[in-house]
Amino acid sequence: WHTVFITVDRLGGLPVDAEFEEDLVSFLEPFPLAGFDIEVEPPRFIPLDLAMTVCVKRRHLRADVQKALLDVLGSRDLRDGRRGFFHPDNFTFGDPVFLSRLVATAMDVPGVAWVDTEVASSKPNRFQRWGIPAGSEWQEGVIRMARLEIARLDNDPSLPEKGRLELMMVSGL
């Protein structure tokens, strides 16, 4: 007996629950595959652990710049209709997370002078998967995902296992 496995990345990061699985299997019934069972599975979400140092320009409040950064790097819809960088619909199966895109997004925030992401023993910065020792992600500038993996960073302090982002704000220019 053979099984067809279907892994689904739902819009908005909705879960692949029993009700959704039942609806999908019902939808697929008119397209029979003789001798095959259908098994629906969720994707494998990979939580990220990121930390970077941000220099705030003069005449800008650190708290305001930090809030703006948390919004644009977040996982929610923004007030102006855009999506946060880590919105569930911005990443799908196998999409890598490029450090350069993350830094460019942060640099577009008004009040940001520079962003330091260098991972070194003397710095608190991180660019890695959550719960796994860092490899060469920072040196390569990318966190790679396998074909059924999707990057996730919800930045909910009560659920760090769904990804976390830490910003060290310093005053500067």
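Our structure's up above, just so we're on the same page.
Residues numbered from 1 in each chain as written. Predicted model: local features only at pLDDT ≥ 70, side-chain atom pairs only at ≥ 80, totals over all residues. Heavy atoms only, no water.

**With respect to the pattern of salt bridges**
Part 1 of the reasoning: Applying the stated rule across the entire model yields twelve salt bridges.
Part 2 of the reasoning: Between R164 and D49 there is a salt bridge whose closest N-O contact spans 2.7 Å. Here R164, found in strand β9 (residues 164-171), pairs with D49, found in strand β3 (residues 44-56); they are 115 residues apart in sequence, far enough to count as distant.
Part 3 of the reasoning: Since its relative accessible area comes to 4%, D49 is described here as buried.
Part 4 of the reasoning: What you see here is one network of salt bridges that share partners, running through D49, R126, R164 and E166. (Salt bridge = Lys/Arg side-chain N within 4 Å of Asp/Glu carboxyl O. Helix = DSSP H or I, 4+ residues; strand = E, 2+ residues; numbered from the N terminus. Buried < 20%, exposed > 50% of the residue type's maximum accessible area, 1.4 Å probe, protein only.)

**Observations regarding the packing of aromatic side chains**
Part 1 of the reasoning: Inspection of the entire model under this criterion finds three aromatic pairs.
Part 2 of the reasoning: Summarising the aromatic geometry, the rings of F85 and F91 are spaced 5.9 Å apart at their centres and angled 65° between planes, so their arrangement reads as edge-to-face. An identical accessibility class is assigned to F85 and F91; each is buried.
Part 3 of the reasoning: Put simply, the rings of F85, F86 and F91 pair up and form one aromatic cluster. (Phe/Tyr/Trp six-rings, centres within 6.5 Å; stacked < 30°, edge-to-face > 60°.)

**Focus on the pairing of strand β5 (residues 112-116)**
Part 1 of the reasoning: The element β5 is largely enclosed, with a buried count of four among its five residues.
Part 2 of the reasoning: Direction of pairing for β3 relative to β5: antiparallel, over a ladder of four bridges. Paired with V54 across the strands is V115, a residue of β5. (Pairing = 2+ DSSP bridges.)

**Section: the pairing of strand β2 (residues 36-41)**
Part 1 of the reasoning: Here strand β1 (residues 2-7) pairs with β2 via six bridges, running parallel. When the sheet's bridge partners are listed, T7 is paired in β2 with E41.

**Some points on helix α1 (residues 18-28)**
Part 1 of the reasoning: Every buried residue belonging to α1 is among F20, L24 and L28, and all of these are buried. End-on, the buried residues of α1 take up no more than an arc of 70°, which puts them together on one face. Among the exposed residues of α1, those oriented more than 90 degrees off its buried face are A18, E19 and E22.
Part 2 of the reasoning: As for α1, its buried residues are in contact with β1 and β2. (Arc of directions from axis to C-beta. Contact = heavy atoms within 4.5 Å.)

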